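The chain contents come next:
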Amino acid sequence: MTTVTTTEGRARAAARREAAPAVEVSAPSRREFLYYIWGASMALLLGEATAGIIWFSLPRFKEGTFGGVFNFTVDKFPAEAGAAPASQPDGRFHVVHTVDDGLLTLYAVCTHLGCLPRWQDIEFRCPCHGSRYELPGNWIGGPAPRGLDIFSTTVTFTDGTVEETTNANSLNGNDYAIKLNGRQVSKIEVNTGLRLKRPNHP
Ligand code: FES
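So, here's what we can say about the structure. (Residues numbered from 1 in each chain as written. Predicted model: local features only at pLDDT ≥ 70, side-chain atom pairs only at ≥ 80, totals over all residues.)

### Observations regarding the nonpolar core
Core analysis: the largest hydrophobic core is formed by 27 residues, its most contacted members being Phe 93, Leu 106, Tyr 107 and Val 190. When neighbours within four sequence positions are excluded, Tyr 107 is seen to be in contact with Arg 92, Phe 93, Leu 148, Asp 149, Ile 150, Phe 151 and Arg 195. (Core = buried A, V, L, I, M, F, W, Y, C linked by C-beta atoms within 7 Å. Buried ≥ 20, exposed ≤ 12 C-beta atoms within 10 Å, placed from the backbone. Contact = placed C-beta atoms within 7 Å.)

Here you go:
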């Protein structure tokens, strides 16, 4: 009895398989194939462009190279207030001991068209179009629209206190120089990646 039932079941299943419509899997047409290739190429291109943007937007400055933080040699800091500034050419800055006993780091580039003003006797003079700046970078004359910009600087003193330049929102650089107040400087860190722009002169 069981054998008959099994045989009948198999026969019915075979009949159903034969009766069922065949499922056709067609190969993609030439047009579809090209469309897929185009889509994949666009996705790849987009991915590469995104990766490139991310790569270029990441900061890659090392300590001691322009755009990074410089450990300025403390011994080079002018001992006397109002003395000629100490320059760090590879960092493109001058460290200034202001007349009112402050420390200020000036970006060495002229705010007119980017030449390099030089310290001459009592002021910075730009060799290109004659802009002039005082010791704290204040504009005196010439086509430059504002005084020399400054770099954010962190000064550590031997008594353990730490001060940092955080703004340049005055025409007078003396206003944001870090005042020594009789303290001994033990470390000067100049962040050439953080330039603080002064306001334009009237
Ligand atoms: S670039 Fe300095 S005055 Fe023009």
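Read on, since the account is not over.
### Focus on the pairing of strand β9 (residues 150-157)
Sheet analysis places β9 next to strand β12 (residues 185-196), joined by eight bridges and oriented antiparallel. The residue of β12 that forms the bridge with Thr 153 is Val 190. Across three bridges, the pairing between β9 and strand β10 (residues 162-164) is antiparallel. When the sheet's bridge partners are listed, Val 155 is paired in β10 with Glu 163. Adjacent in sequence and paired antiparallel, β9 and β10 are bridged by four residues, among which Gly 160 carries a positive phi angle near 95 degrees. (Pairing = 2+ DSSP bridges. Helix = DSSP H or I, 4+ residues; strand = E, 2+ residues; numbered from the N terminus.)

### Observations concerning unusual backbone geometry
Despite not being glycine, Asp 101 has its phi angle at roughly 60 degrees, a positive value. Position of Asp 101 among the secondary structure elements: in the loop between β3 (93-97) and β4 (102-107). Non-glycine residue Asn 181 carries a positive phi angle of around 50 degrees. Relative to the helices and strands, Asn 181 is located in the loop between β11 (178-179) and β12.

### Some words on the sheet that holds strand β8 (residues 139-141)
Read across the sheet, four strands follow the order β5-β6-β7-β8 without closing on themselves; strand pairing throughout is antiparallel. Looking at strand neighbours, the two that pair on one side only are β5 (118-120) and β8, the edges of this open sheet. Where β5 lies against strand β6 (residues 123-125), three bridges are found, and the strand directions are antiparallel. Within β6, the residue paired with Trp 119 across the bridge is Phe 124.

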